[in-house]
Every structure is written in C-alpha cells, then in structure tokens.
Amino acid sequence: SAPRACEKVPRACQWGSMTTISLIVPCYNEREGLPRLLAALEETRQRLGSAYDCELVFVGDGSTDGTSELLEEACSRTDGARVIHHGRNRGLGAALRTGFGQARGELIATVDSDCTYDPRELAQMVRTLEQGADIVVASPYHPAGGVLGVPGYRRLLSRNLSRLYRWVTGSQVYTYTSLFRLYRAEAVRALRFQSDGFLAMAEILVDAFLQGFRVVEYPTRLAVRQWGESKAVILRLIRDHIGFLAWLMWKKAWGRER
C-alpha cells in the first residue's frame, strides 16, 4: 500500500529566534476583494508576532481587471511585500510554482486571495506545525471542520473526491483540494506536481504522502466567496481528478504486480 502520512518521525521545530514565513497569494481578477484581503493579511502578520518575519509574495496571474496594478500600489507601501507577474493567466499550479521559487522563508504558506479560508488562522497552523508536522492542511471536511454557504454540489464533489483519494493513497486526510496550507521549506523543495490548474493541490498532497512527509490537518471552516466568481471550472476539475486517480490506481496495481 502507499506510504501513510505519519511515516516520517515527528520532530520539534529547532528554528532560531527569528523565523521567516513566506505567504504566497495567487491572485487572478480579485480587484473587488483586495481591500479585505490586504486587511486580513496585515492582521495575520500581527498575530504571528515578533518571533516571525513575514514576507508577502503575491503572484499576479494575468489579471485583466487591474488587480496586479492595485497589488503593486499596496506593496509599495508595505514592508516585505512584492508582486510577481505572469503576462497571461497560467493557472493556480503555475502560480504556485512561481511563488515557491520566490519564497525565502523557512516556512511557506499558500493563501487564498478570496478569503474563503480565514488567513488569520495561520498563527494556529504554525503551532500545529511546531508539533512535528511537515505540512499542515486547512481542512473543512475534517469531522471537526465545517462549511458555510458552499453549494451542495461542491460539497458533494469535494467529499467524494476525498474518499477516493483516501482509498487510493491509504491516508486519513479528509481534504485534498484546499489551497490554504503551511509547509516546511524543505518539503516544498522536494515536492513535485505537474498540473498548472487546481489539480495541483491534490498532486502536491499525494506526492507528500508518497515521499513520507508527515501531513496534519487543521480543522477549519470554509465560507462561500463574498465577491467575484470562482475561477474553478467544475467539469474540467472532475475530468482532471478522475484522470489523476485512474493513474494512481494503475500505478498502485502495477507496483503490486511487480
């Protein structure tokens, strides 16, 4: 069977007096929600406190509504913040590769630009990581998590996909599709994923399991977005996940035959 997430030996953090946390925030046509996002990120930095040096890495993923320009203006007034631009929209997975390549921190967080997950919970996720995890996943589908206002078809899709991923990988993780996560930098450097789109989130987690990294869920709440439209195309997502799951099942069966 596939390696389980707990196979790596837990270890306590041994960081110095000042740890750098890189917050990677992919942004595509989020102009309307930027004021709330920027305010939440500033409060997040305050909650992390003086023990952490927090850098903000925005990836402007080819927005056409002025998002990137507004981010440039905001970053010019904010210490430790910068924008990396894509000339065209390349997708979430591509934005993460760009952000990972630019991050300087010992810890790396990926944060939703629409605040459907509350970025201010990052301080609690850091404490979870300190207990010995390599990756902390914000998990609304954990039994202690929850969703608020999310359409029923999306909840059904996410829960069923999670069941399939648990079955194929042998892991006990309940949420595979959330962007809001916290990683140790050494885990990010080791992980590999192919998708330029939303499938990248599941690919990253599966690769983490296969490499034996310790993944811990942080139960939280997922809320419906308050402005704009979701960038996910549901039929394409279903097709991508089914294809990836089929490949994992084939790989698992082929390994057993050998």
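Refer to the structure printed above.
In this text the structure is predicted, and so the values were computed from the model without any measurement.

### What to know about a nonpolar patch on the surface
Link 1 in the chain: A cluster of nonpolar side chains, Leu 164, Trp 167 and Met 249, forms an exposed patch at the surface whose accessible area comes to about 330 Å².
Link 2 in the chain: Tracing the chain through its elements places Trp 167 in helix α5 (residues 152–169).

### What about the pattern of salt bridges?
Link 1 in the chain: What the rule picks out here adds up to 9 salt bridges.
Link 2 in the chain: Between Glu 43 and Arg 120 there is a salt bridge, with its nearest N and O atoms 3.2 Å apart. Residue Glu 43 is found in helix α1 (residues 34–48), and its partner Arg 120 is found in the loop between β4 (107–110) and α4 (122–129); the two are separated by 77 residues along the sequence.
Link 3 in the chain: Where Arg 77 meets Glu 73, a salt bridge forms, and the shortest distance between an N and an O atom there is 3.4 Å.

### Considering the nonpolar core
Link 1 in the chain: Grouped together as the largest cluster of nonpolar side chains are 38 residues, with contacts concentrated most on Leu 96, Phe 100, Ile 135, Tyr 165, Tyr 183 and Val 215.
Link 2 in the chain: Mapped by element, the contributors of at least two residues to this core are β2 (52–61), α3 (92–102), β5 (135–139), α5, α6 (185–190), α7 (200–211) and α8 (234–257).
Link 3 in the chain: Among the elements that make up this core, the one with the highest residue count is α7 (8 residues).
Link 4 in the chain: Those residues in contact with Phe 100, other than ones at most four positions away along the chain, are Ile 24, Ile 108, Thr 110, Tyr 183, Val 188, Phe 193 and Ile 204.
Link 5 in the chain: Counting 37 residues, the second largest nonpolar core, distinct from the first, contains Cys 27, Leu 107, Ala 123 and Ala 133.

### Section: the packing of α3 against α7
Link 1 in the chain: Remark: α3 packs on α7, axes separated minimally by 9 Å, with the N-to-C direction vectors making an angle of 55°. Here α3 is positioned oblique relative to α7, judged by the angle of their axes. Contacts between α3 and α7 involve Leu 92, Gly 93, Leu 96 and Phe 100 on the former and, on the latter, Ala 200, Met 201 and Ile 204.
Link 2 in the chain: Per-class residue counts for the contact of α3 with α7 are 6 nonpolar, 1 polar and no charged.

### Here we look at the sheet that holds strand β8 (residues 215–219)
Link 1 in the chain: Judged by pairing direction, the sheet is mixed, and its 7 strands sit side by side in the order β3-β2-β1-β4-β7-β5-β8 without closing on themselves. Each having just a single partner strand, β3 (81–86) and β8 make up the two edges of the open sheet. Shown here is a sheet whose adjacent strand axes are inclined to one another by a mean of 20°, direction ignored.
Link 2 in the chain: Bridging between β4 and strand β7 (residues 181–184) involves 4 bridges; their strand directions are antiparallel.

### Some remarks on the environment of Ser 195
Link 1 in the chain: Relative to the elements of secondary structure, Ser 195 occurs in the loop between α6 and α7.
Link 2 in the chain: Each C-alpha atom, one on Ser 195 and one on Asp 240, is 9.1 Å from the other, the two residues being 45 residues apart in sequence.
Link 3 in the chain: Once residues within four sequence positions are removed from consideration, Ser 195 is found in contact with Gly 93, Ala 94, Arg 97, Ala 200 and Glu 203.
Link 4 in the chain: At a separation of 2.9 Å, a polar atom in the side chain of Ser 195 contacts the main-chain amide nitrogen of Gly 197.

### Here we look at the pairing of β3
Link 1 in the chain: Of all 6 residues in β3, 5 are buried, a share of seventy percent or more.
Link 2 in the chain: Handedness of the β2-helix α2 (residues 67–76)-β3 crossover: right-handed.

### Examining α3
Link 1 in the chain: Within α3, 8 of the 11 residues are buried, which leaves the element mostly enclosed by the surrounding structure.
Link 2 in the chain: Within α3 the residues assigned to the buried category are Leu 92, Gly 93, Ala 94, Ala 95, Leu 96, Thr 98, Gly 99 and Phe 100.

### Focus: the packing of α1 against α4
Link 1 in the chain: One can describe the packing of α1 onto α4 by two numbers: an axis separation of 8 Å at closest approach and a directional angle of 40°. Taken as axis vectors, α1 and α4 run oblique relative to one another. Listed contacts from α4 to Thr 44, Arg 47 and Leu 48 of α1 are Leu 122, Ala 123 and Val 126.

### Things to note about the packing of aromatic side chains
Link 1 in the chain: Tallied over the entire structure, the rule returns 7 aromatic pairs.
Link 2 in the chain: With 5.9 Å between their ring centres and 80° between their planes, Phe 100 and Tyr 183 make a pair best called edge-to-face. Note that Phe 100 is positioned in helix α3 and Tyr 183 in strand β7, a separation of 83 residues in sequence.
Link 3 in the chain: Overall, Phe 100 belongs to the buried group, its relative accessible area being 15%.
Link 4 in the chain: Classification of Tyr 183 by relative accessible area gives buried; the value is 0%.
Link 5 in the chain: Cluster of aromatic residues (ring-pair linked, three or more members): Tyr 165, Tyr 176, Phe 209, Phe 244 and Trp 247.

Thresholds, definitions, all that
- Residues numbered from 1 in each chain as written.
- Predicted model: local features only at pLDDT ≥ 70, side-chain atom pairs only at ≥ 80, totals over all residues.
- Heavy atoms only, no water.
- Patch = residues over 30% accessible without salt bridge, like charges linked within 9 Å, V, L, I, M, F, W, Y side chains within 5 Å.
- Areas by Shrake-Rupley, 256 points an atom, 1.4 Å probe, with all protein chains shown as cover.
- Salt bridge = Lys/Arg side-chain N within 4 Å of Asp/Glu carboxyl O.
- Helix = DSSP H or I, 4+ residues; strand = E, 2+ residues; numbered from the N terminus.
- Core = buried A, V, L, I, M, F, W, Y, C linked by side-chain atoms within 4.5 Å.
- Buried < 20%, exposed > 50% of the residue type's maximum accessible area, 1.4 Å probe, protein only.
- Contact = heavy atoms within 4.5 Å.
- Axes fitted to C-alpha atoms, helices over the stretch in contact; angles between N-to-C directions.
- Parallel < 35°, antiparallel > 145°, perpendicular 65-115°, else oblique.
- Nonpolar A, V, L, I, M, F, W, Y, C, P; charged D, E, K, R; others polar.
- Pairing = 2+ DSSP bridges.
- Polar contact = N/O pair within 3.5 Å; in protein donor to acceptor, adjacent residues only side chain to side chain.
- Right-handed = clockwise from strand over helix to strand, strands pointing away.
- Phe/Tyr/Trp six-rings, centres within 6.5 Å; stacked < 30°, edge-to-face > 60°.

Geometric values such as these leave the question of function open.
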